[in-house]
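Secondary and tertiary structure notes
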Amino acid sequence: MAPLFNWWQRDTHRGTPVIVKMENPNWSIAEIEGEEEDELVARDSSLPSRARKKNAKQITWVLLLKAHKAAGCLTGLASAMVSLGSVVKRRVRSGRTDADLASVPPGENPVVRNRVYGCIKAFLFLSMLLLCFEVAEYFNLWRLGVGDVHVLMDQVHEGWLWLRAQYIAPPLQFLSDACTVMFLIQTLDRVLLCLGCLWIKLKGIKPVAKALDKDPESGMDYPMVLVQIPMCNEREVYQQSIAACCNLDWPRSNFLVQVLDDSDDPTTQTLIREEVEKWQKNGARIVYRHRVIREGYKAGNLKSAMSCSYVKDYEFVAIFDADFQPMPDFLKQTVPHFKGNDEVGLVQARWSFVNKDENLLTRLQNINLCFHFEVEQQVNGILINFFGFNGTAGVWRRKALEDAGGWMERTTVEDMDIAVRAHLHGWKFVFLNDVECQCELPESYEAYRKQQHRWHSGPMQLFRLCLPDIIRSKISIWKKTNLIFLFFLLRKLILPFYSFTLFCIILPMTMFVPEAELPAWVVCYVPAFTSLLNVLPAPGSFPFIIPYLLFENTMSVTKFNAMVSGLFQLPSAHEWVVTKKSGRSSEGDLVSFALSKKDDSMGSRVGGSVPNLNDLVKEEKKTNKKKKKHNRLYSKELALAFLLLTAAARSLLSKQGIHFYFLLFQGISFLLVGLDLIGEQVS
């Protein structure tokens with residue numbers, strides 16, 4: 001094989017150029033590119049003419065190799081686009097949408113479900129009609145017609161200009177200004193929360209607990225703790241949660257694990273019951289409960305468990321959802337915060353996520369939840385001793401639960417309900433930002449969408465129900481104001497309202513009604529600033545700041561729909577769908593438990609209860625054969641995508657640069673989400 005090129009180097013002893021023949025045919029591109037171009041040019045000036053020619057050839061090789069690399073990237077991009085096109089084609093051909101009767105959850109009225117979608121479709125049709133009209137007017141296309149057609153169309157156009165200037169623009173401008181004010185207030189709230197978090201970090205403020213200084217074996221100074229694991233048809237994760245809770249580092253006689261199984265699948269019930277029996281044989285204090293009358297969802301399950309006669313023997317209640325895996329020292333880090341603080345009713349730990357890097361959807365969720373825990377929960381916990389209970393990874397004082405009236409099934413956010421009622425009775429909450437509990441994020445858009453619907457419809461249900469109680473309560477005026485205006489109105493109602501209205505309705509309309517203006521700083525700069533604030537608690541997510549901004553606006557349609565359904569008590573507000581779990585953390589947990597079994601010569605608690613990995617794999621294969629997943633098309637998101645892209649096309653006529661780019665990328669974001677290309681992809 002011929003040599004690639006002649007390599008020049010200067011002899012260090014004589015100062016003369018020396019030609020070195022590189023005959024190795026195995027040289028890689030990386031090795032060739034390793035020589036810096038500026039270094040070659042510097043050498044070139046001191047070499048004879050023949051050497052300079054050779055050196056020029058060498059630089060040419062480097063440039064050609066870089067061009068080859070760039071061409072490879074373009075080829076890969078083209079291949080990816082072709083693959084994406086084929087996926088979209090198959091998905092459209094399949095015809096599976098969120099409007100299918102098979103995908104409508106029980107108890108939801110399809111007619112009510114399609115009201116928002118119908119409004120969006122009407123708005124889309126009108127915007128496309130106006131776009132065609134504006135394009136025709138811009139290029140004077142109707143003057144090509146015969147007769148007096150152009151005169152008639154000129155009159156129609158003048159009438160449209162008068163109509164939008166007199167009757168459409170004023171209310172649209174008023175609504176735009178109102179949403180802008182809401183946006184600025186919410187941004188100010190975010191800034192204050194971030195400043196509060198910064199102050200807490202600079203001062204090193206964090207809750208301090210009294211040490212448990214007694215002998216764990218004697219059980220003295222280790223209060224009785226009831227550990228509850230509510231679950232429903234969660235066969236992918238039940239083993240890891242039961243194992244983690246049974247391995248808590250706490251005197252065995254001083255805690256009891258309740259497995260509260262609401263599963264309606266007989267096979268899942270059998271598997272969970274057998275798992276509990278394994279741990280019982282190994283000496284763990286654990287009981288299995290299955291309700292005959294399954295009412296009230298998770299709240300009803302917890303309420304039923306608290307009615308057991310032996311519950312009165314336990315001072316504290318720790319709650320973990322089925323996909324949560326507390327560390328062995330969880331109770332030792334949380335329970336001491338109750339010691340000497342009789343006013344503390346709840347100690348909440350933060351969440352960490354085992355699958356945060358699984359796909360783009362989980363990365364964006366991680367940004368949101370990191371801000372929620374690091375900033376919102378921590379600041380509210382330190383400054384006002386109140387925040388919304390997260391429903392899991394927390395320890396309650398049993399007296400606080402009873403004082404607040406116990407669990408109620410009146411909303412789909414039973415955790416927020418019990419927290420608000422306990423706060424109204426004067427109980428204080430402690431948030432521990434340095435105590436983490438591992439869990440799993442929804443990996444599919446379908447699961448995340450249903451979860452967000454429940455999380456945003458429930459607070460509005462609760463606000464309607466507890467507003468009179470807040471007004472009549474004996475807490476301070478400041479705490480009442482915080483509950484009503486900040487906790488409920490600003491963060492639960494105003495946020496989804498202005499986000500959807502401003503960026504999905506008003507902004508496209510201002511493209512067709514230019515008399516109503518939306519400043520560029522509202523469209524671009526302030527949203528970018530708030531997104532930057534949200535990303536700060538998760539520094540590794542800075543590359544995703546723009547996708548995060550676009551995705552949050554995309555989710556506004558789901559959150560707005562949920563907020564309206566909860567506020568007006570629509571049927572979908574009472575829907576409870578258990579978030580689907582993938583069980584990705586199970587394999588690692590089982591392996592670690594198996595290793596601990598081998599290493600523990602004294603016979604640890606894990607010993608006889610480690611499930612057989614081969615049996616688990618076989619069972620998982622059987623489950624996957626029975627359950628078929630599908631990616632779907634989401635009608636509202638697709639309709640809004642075409643609406644925003646239509647508005648982007650209209651903005652070209654008025655030459656609004658920032659508005660065009662925002663509408664274009666936001667429309668593409670809606671399109672990707674509507675085609676279900678952001679989360680888990682099912683082949």
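Since the model is a prediction, treat every value here as computed from it, not as a measurement.

1. A few points about the overall build of the chain
Secondary structure summary: the chain contains 21 helices and nine strands in total. Going through the 683 residues of the chain one by one, you find that 49% of them count as buried. In the chain, once contacts between residues fewer than 6 apart in sequence are set aside, the share between residues at least 24 apart is 79%. Carbon and sulfur atoms make up 61% of the accessible area of the chain, which amounts to about 33000 Å² in all.

2. A closer look at the sheet that holds strand β4 (residues 255-261)
Spatial ordering of the open sheet is given by β5-β4-β3-β6-β8-β7-β9, a layout of seven strands whose pairing is mixed. Sheet topology places β5 (286-290) and β9 (428-439) at the edges, where each strand pairs with a single neighbour. Each neighbouring strand pair of the sheet contributes to a mean axis angle of 20°, computed without reference to strand direction. In terms of strand pairing, strand β3 (residues 225-231) meets β4 through seven bridges, oriented parallel. Bridging across to β4, V227 finds its partner in V257.

3. Considering the pattern of salt bridges
Evaluation of the coordinates by the stated rule reveals 21 salt bridges. For D321, the salt bridge identified is with K298, shortest N-O distance 2.9 Å. Taken together, the residues span a long stretch of sequence, with D321 in the loop between β6 (316-319) and α10 (330-334) and K298 in helix α9 (residues 297-306) at a distance of 23 residues. Look at K298 and you get buried, because its relative accessible area is 12%. Linking D357 and R363 is a salt bridge whose minimum nitrogen-to-oxygen distance equals 3.4 Å. Of the residues examined, D357 reaches a relative accessible area of 49% and is grouped as partly exposed. Ionic contacts of the salt-bridge type, sharing partners, join the residues K201, R350 and E374 into one network.

4. A look at the side chain of E637
Along the chain, E637 falls in helix α20 (residues 635-653). Of the residues examined, E637 reaches a relative accessible area of 0% and is grouped as buried. Apart from residues no more than four positions distant in its own chain, E637 is found in contact with Y445, R449, V557, T558, F670, V673 and G674.

5. As for the confidence of the model for the chain
On average, residues of the chain score 82 in pLDDT, and 80% of them are at 70 or above. Contacts of residues 1-42 to residues separated by more than four positions or lying in other chains number 63 contacts, the stretch itself having pLDDT below 50.

6. What about the nonpolar core?
I242, W396, V420 and F488 are the most contacted members of the largest nonpolar core, which has 88 residues in total. No fewer than three residues from each of domain 1 (119-205 + 444-591 + 632-682) and domain 2 (225-443) sit in this core. When near neighbours in sequence (up to four residues on either side) are disregarded, F488 contacts M416, V420, P459, M460, L462, F463, C466, I470, L483 and L493. F123, F500, C504 and F660 belong to the second largest nonpolar core, which has 42 residues in total.

7. Structural notes on the packing of helix α17 (residues 545-567) against α20
Look at α17 against α20: their axes get within 10 Å of each other, and the N-to-C directions meet at 125°. Taken together, α17 and α20 sit at an angle that is classed as oblique. Between α17 and α20 lies a crossing of right-handed hand. Here V557, T558 and N561 of α17 come into contact with α20, specifically with K636, E637 and L640. Each residue belonging to the contact of α17 with α20 can be placed in one class, and the counts come to two nonpolar, two polar and two charged.

8. A few points about a nonpolar patch on the surface
Together, L188, L192, L195, L198 and L202 make up an exposed nonpolar region whose accessible area comes to about 520 Å². On the secondary structure map, L192 appears in helix α6 (residues 149-203).

9. Focus: the UniProt feature "transmembrane region" (unreviewed entry) in the chain
Within the UniProt annotation, "transmembrane region" (unreviewed entry) is assigned to residues 122-142, 181-200, 483-508, 528-551, 633-652 and 658-678. Within the segment residues 658-678, helix and strand shares are 81% and 0% respectively, and the terminal C-alpha atoms sit 25 Å apart.

10. Examining the side chain of T554
Assignment of secondary structure puts T554 in helix α17. Since its relative accessible area comes to 0%, T554 is described here as buried. Only 2.8 Å separates the side chain of T554 from the side chain of S669, close enough to count as a polar contact. Setting aside anything within four residues of it in sequence, one finds T554 in contact with Q666, S669, F670 and V673.

11. Things to note about the environment of I120
Assignment of secondary structure puts I120 in helix α5 (residues 115-138). Considering only alpha carbons, one finds I120 and K636, 516 residues apart in sequence, at a separation of 7.2 Å. Here I120 is in contact with V557, K636, A639 and L640, once residues within four sequence places are set aside.

12. Section: unusual backbone geometry
Unusually for a residue other than glycine, Y297 sits at a positive phi of about 55°. According to the relative accessible area criterion, Y297 is partly exposed, its value standing at 42%. With a phi close to 55°, N385 is a non-glycine residue in the positive phi region. Tracing the chain through its elements places N385 in the loop between α11 (360-383) and β8 (394-397).

13. A closer look at α6
In this model α6 runs 75 Å from its N-terminal to its C-terminal C-alpha over 55 residues, within 8% of the 81 Å that 1.5 Å per residue would give. A maximum bend of about 45° is found in α6 at I168, where proline P170 lies one to four positions downstream. Phi for G204, located one or two positions after α6, is positive at around 65°.

Definitions and limits used
- Residues numbered from 1 in each chain as written.
- Predicted model: local features only at pLDDT ≥ 70, side-chain atom pairs only at ≥ 80, totals over all residues.
- Heavy atoms only, no water.
- Helix = DSSP H or I, 4+ residues; strand = E, 2+ residues; numbered from the N terminus.
- Buried < 20%, exposed > 50% of the residue type's maximum accessible area, 1.4 Å probe, protein only.
- Contact = heavy atoms within 4.5 Å.
- Areas by Shrake-Rupley, 256 points an atom, 1.4 Å probe, with all protein chains shown as cover.
- Pairing = 2+ DSSP bridges.
- Axes fitted to C-alpha atoms, helices over the stretch in contact; angles between N-to-C directions.
- Salt bridge = Lys/Arg side-chain N within 4 Å of Asp/Glu carboxyl O.
- pLDDT = per-residue confidence, 0-100.
- Core = buried A, V, L, I, M, F, W, Y, C linked by side-chain atoms within 4.5 Å.
- Domains from an automatic or database assignment.
- Parallel < 35°, antiparallel > 145°, perpendicular 65-115°, else oblique.
- Left-handed = near helix turned anticlockwise from the far one by under 90°.
- Nonpolar A, V, L, I, M, F, W, Y, C, P; charged D, E, K, R; others polar.
- Patch = residues over 30% accessible without salt bridge, like charges linked within 9 Å, V, L, I, M, F, W, Y side chains within 5 Å.
- UniProt positions renumbered as here; feature names shortened; annotations may be inferred.
- Polar contact = N/O pair within 3.5 Å; in protein donor to acceptor, adjacent residues only side chain to side chain.
- Expected span 1.5 Å × (residues − 1).
- Bend = angle between axes of the 7 residues up to and from the residue.

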